[in-house]
Each structure stands twice: as structure tokens, then as C-alpha cells.
Amino acid sequence: MTLPATNTGNRYAIVMPGAGSNAISSLTVAAGSTPYSLSAAGDLNLVNGGSIANSRKSGANPGLTVGALNLVGPTATVGGVGYTKLTSVTTSSAPANLTLSSGSTQVLGTTDVSLAVSSGATLVLNESQVGDVTVSAGGKMTGAGTFGASFGGDVTLNGGSTTQAFIGGAGGTDIASDTFVNNSTAYGGDLSLNFSQVAAGTLFDNWATTSIFGGATTGSFTSVTIVGGNSPYDNLTFSPVGGGRGEWVTGTFAGLNGESQWLVFQQGTGNLVVVP
């Protein structure tokens, strides 16, 4: 099935056929600016090995929203250069694996479905509830900057991957962040802390703490960096201390009330802490 580039009003919400014999092998979405929405009144059912190839973008928002994706078989793929939102993912053949091959895919909920994020693909978690996640080298897992918790199974972040968490704060003294609460998280690759949502001039309280990862953690990141920040955070760099699974710390900066502060990411707890 192909959804064309021209998206008139009657194509905005498309009711898909029901399950079983009406499952399709592929969905192709042509490039365009107006988003498509597949109604949950009729789920999108992909046969074993089925695929979604989405080339539609809508600014920072999904160009294709699928109300409910059901895998009629143990494997399926989502890719393309566009941004796809999967409201839920279920399967009639557990256990099942959904591969994100390229583009950006927001997954809100899965049941008995493992997610594999390939090189060049991005998994977006926005207060999501997902299954096991494996991010390969060149792949990316990111929060959406909503500062709610995303819950997952066992998460493996392989070397060469990128994990991004947005950090927040607006004129107050508390610190917030995207939070990934998993059964277990195996660190690897690079951790990027995006400070673009910290308002200019925001200074955090001493010992302000936010939890980026919850659950058991193993391994170590290759690097921890800050992107998108305003002063005094924009020029900070993290260095590892303690060896092994030790902490990542920045240099000092002039913080609240002119006091010297620095930031510490604790790999063991998954917390980011403002230290006086």
C-alpha cells in the first residue's frame, strides 16, 4: 500500500483494514509536509517481515501516526527518512522484534515486542512504555524533553551509539530531565545531555538532583557531553573520575549566589547532581 505525496483532507485519517487475512506486507508513505494519521478504528497489521517506509516529515512532529501497529508474525521493520509515531505495538506471535532501520520513530507502548535500533535510526521515547531495547553503533535513543518517565525492559546501549536526555529548568532552582526507567541498562556509546530547555540565566540549587536512568545499570559510557546550553553550562565538559564505573564531572562554574558549583553524572545511580 502506498500513501501519495498529495494529502487532501479525506486522506488525513485513513481507516486501515482489520486483522488476519487483511494484513499487508508493506506501507510506503511518499514525501510531503501534511501528516498522515492511520485511524485506530482499524489497526495497521503487518505480515511477518512486513515494513513501513515513511518519507513524510512534518517539522518537528511525526509525518505519519499509526494508531495501533500489530505484527502478524515475529518480525517487522520501520524505516524511511521521515518521522513515524507508533501509538502502540502489539503482536500475535510473541516474542517479536521490531527493527527501526532509519529515520525517527516514536514508540509509546509495546507488548512482548523488542526494539532494535539500527545505525542511522532514532528511537524517540516520550513518556513511553516499551519492551527490551537494543541500540546498535550509529543508532540513537532520545527522550522528547517532556520530563516524564519512559519505562522499558532490558536496554543495551552498544558502543558507538548515542543516548540523549533533555535537561530542564526555568528560573527556579530545581533540575528536571528525561528519565529512562528500565529493568536494567547496559551503558555504552555516548551520553548527550541536551540543555536547550534550560532557560537562560537559570542557576540550580546546591545538590539539585535529577534521575536520568533508573533500575540496575552496568557498563560505562564512552563520553558524556552537554549540547544546546546557555551560560554557565554551554562551555562545560565532562571528564571521567574514579576509573571503571566511576563518575563523570565537569569543571567548576559560578552557580547560585556566585558559589562554585560543578555537575556530576553518577553512572551507578543514573543521577545528574549539582555539587557545591
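Residues numbered from 1 in each chain as written. Predicted model: local features only at pLDDT ≥ 70, side-chain atom pairs only at ≥ 80, totals over all residues. Heavy atoms only, no water.

### Concerning the overall build of the protein chain
In plain terms, the rule: Segments assigned H or I by DSSP are reported as helices when at least four residues long, segments assigned E as strands when at least two residues long, and all are numbered from the N terminus. C-alpha atoms define the radius of gyration, and 2.2 Å times the number of residues to the power 0.38 defines the globule rule. Only protein chains enter the accessibility calculation, which uses a 1.4 Å probe; a residue is then buried when its area is under 20% of its type maximum, exposed when over 50%, and partly exposed in between. Only heavy atoms enter the contact rule, under which two residues are in contact if any of them lie within 4.5 Å.
Scanning the protein chain from N- to C-terminus turns up zero helices and 31 strands. Compactness check: the protein chain gives a C-alpha radius of gyration of 20 Å against a globular reference of 19 Å for 276 residues, within 12% of the reference. When the backbone C-alpha atoms are referred to their principal axes, the protein chain occupies close to 65 × 35 × 25 Å. Every one of the 276 residues in the protein chain was classed for burial, and the buried ones make up 47%. Look at the contacts in the protein chain between residues 6 or more apart in sequence, and 51% of them connect residues 24 or more apart.

### Things to note about unusual backbone geometry
Cis peptide bonds are those with omega within 30 degrees of zero, and the linkage from A94 to P95 qualifies with -5°. Considering the arrangement of structural elements, one finds P95 in the loop between β12 (89-91) and β13 (96-100). Despite not being glycine, E127 has its phi angle at roughly 55°, a positive value. Locating E127 in the fold gives a position in the loop between β16 (121-125) and β17 (133-135). Of note in the backbone geometry, W207 takes a positive phi value of approximately 70° without being a glycine. By the element assignment, W207 lies in the loop between β23 (190-198) and β24 (209-211). Looking at W207, the relative accessible area reads 55%, which means it is exposed.

### What about the packing of aromatic side chains?
Basically, it comes down to this: Ring pairs shown here join Phe, Tyr and Trp side chains whose ring centres sit within 6.5 Å, with only the six-membered ring taken for Trp; geometry is labelled stacked below 30 degrees between planes, edge-to-face above 60, and tilted in between.
By the definition in use, this model includes 10 aromatic pairs. Geometrically, the ring pair formed by F180 and F213 is tilted, given 5.7 Å between the ring centres and 40° between the ring planes. One end of the pair, F180, is in strand β22 (residues 179-187); the other, F213, is in strand β25 (residues 213-219), with 33 residues separating them in the sequence. For the residue pair F180 and F213, the accessibility class agrees, reading buried in each case.

### With respect to the environment of T222
With respect to the helices and strands, the residue T222 is situated in the loop between β25 and β26 (223-227). On the accessibility criterion, T222 (56% relative accessible area) is exposed. Not counting the four nearest positions on each side in its chain, T222 is found in contact with G189, D190 and W248.

### Let's talk about the nonpolar core
Short version of the rule: We call a set of buried residues a nonpolar core when its members are Ala, Val, Leu, Ile, Met, Phe, Trp, Tyr or Cys and they connect through side-chain atoms within 4.5 Å of each other.
Of all hydrophobic cores here, the largest spans 58 residues; its most connected members are L69, L98, L193, L263, F265 and L272. Per element, the largest residue contribution to this core is four residues, and it comes from β23. Aside from chain neighbours lying at most four places away, what touches L69 is L44, L46, I52, L86, S88, V89, T90 and L98.

### Here's the deal with the pairing of strand β9 (residues 69-72)
The condition that has to hold: In this scheme, strands are said to pair when DSSP sees at least two bridges between them.
Where strand β5 (residues 44-54) lies against β9, four bridges are found, and the strand directions are parallel. Bridge assignment links L46 to a residue of β9, and that residue is L71. Strand direction decides the pairing type here: β9 and β12, joined by three bridges, are parallel. Counted as the bridge partner of N70 is T90 from β12.

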